Amino acid sequence: MTDDRHPSSEYRWARQVSAVLLIAMVVLVVVLDVIVEGYEVSPPVLVPLLLTAAGLLSVDLPRVRP
C-alpha cells in the first residue's frame, strides 16, 4: 500500500478542465451582458463561480514553504 499524497493526473486534468469551463461560462455571461439589451449580470452569481474556478486551479499550484 503506497502513501501517495498527490492526486492522479486524471483528477488534476479534470479540475483544470472544469476550472477553464467555469471561466468560459463567466466570460459568456459577461459578453451576453454587454451585447444583449436588458440582460443584467448579478455579482452574487459571478463571484462564487470565479472563486470556485480559482479554488480548482489553486489545488495544482506548488505549496510555498518557508
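Data block above holds the structure.
These lines cover the structure that appears in this document, whether it is placed above or below. (Residues numbered from 1 in each chain as written. Predicted model: local features only at pLDDT ≥ 70, side-chain atom pairs only at ≥ 80, totals over all residues. Heavy atoms only, no water.)

## Some points on the nonpolar core
Then step 1. Grouped together as the largest cluster of nonpolar side chains are eight residues: Ala19, Leu22, Val26, Val29, Val41, Leu46, Leu49 and Ala53.
Then step 2. Examining the composition of this core, we find that four residues originate from one element, helix H1 (residues 9–35), more than from any other. (Core = buried A, V, L, I, M, F, W, Y, C linked by side-chain atoms within 4.5 Å. Buried < 20%, exposed > 50% of the residue type's maximum accessible area, 1.4 Å probe, protein only. Helix = DSSP H or I, 4+ residues; strand = E, 2+ residues; numbered from the N terminus.)

## Regarding helix H2 (residues 43–58)
Then step 1. Taking 1.5 Å as the rise per residue, H2 with 16 residues should run 22 Å; its terminal C-alpha atoms sit 22 Å apart, in good agreement.
Then step 2. Along H2, the residues that are buried comprise Leu46, Leu49 and Ala53. Each buried residue of H2 sits inside an arc of 70 degrees when the element is viewed along its axis, so together they form one side. Exposed and oriented more than 90 degrees from the buried face of H2 are Pro43, Pro44 and Leu51. (Expected span 1.5 Å × (residues − 1). Arc of directions from axis to C-beta.)

## Regarding the packing of H1 against H2
Then step 1. Contact pair H1 / H2: the axes reach a minimum separation of 8 Å and the direction vectors enclose 155 degrees. When the axes of H1 and H2 are compared, the pair comes out roughly antiparallel. With respect to the hand of their crossing, H1 and H2 are arranged in left-handed fashion. Contacts from Arg15, Gln16, Ser18, Ala19, Leu22, Ile23, Met25, Val26, Val29 and Val30 of H1 reach H2 at Leu46, Leu49, Leu50, Thr52, Ala53, Leu56 and Leu57.
Then step 2. Taken together, the residues that form the contact of H1 with H2 break down as 13 nonpolar, three polar and one charged. (Axes fitted to C-alpha atoms, helices over the stretch in contact; angles between N-to-C directions. Parallel < 35°, antiparallel > 145°, perpendicular 65-115°, else oblique. Left-handed = near helix turned anticlockwise from the far one by under 90°. Contact = heavy atoms within 4.5 Å. Nonpolar A, V, L, I, M, F, W, Y, C, P; charged D, E, K, R; others polar.)

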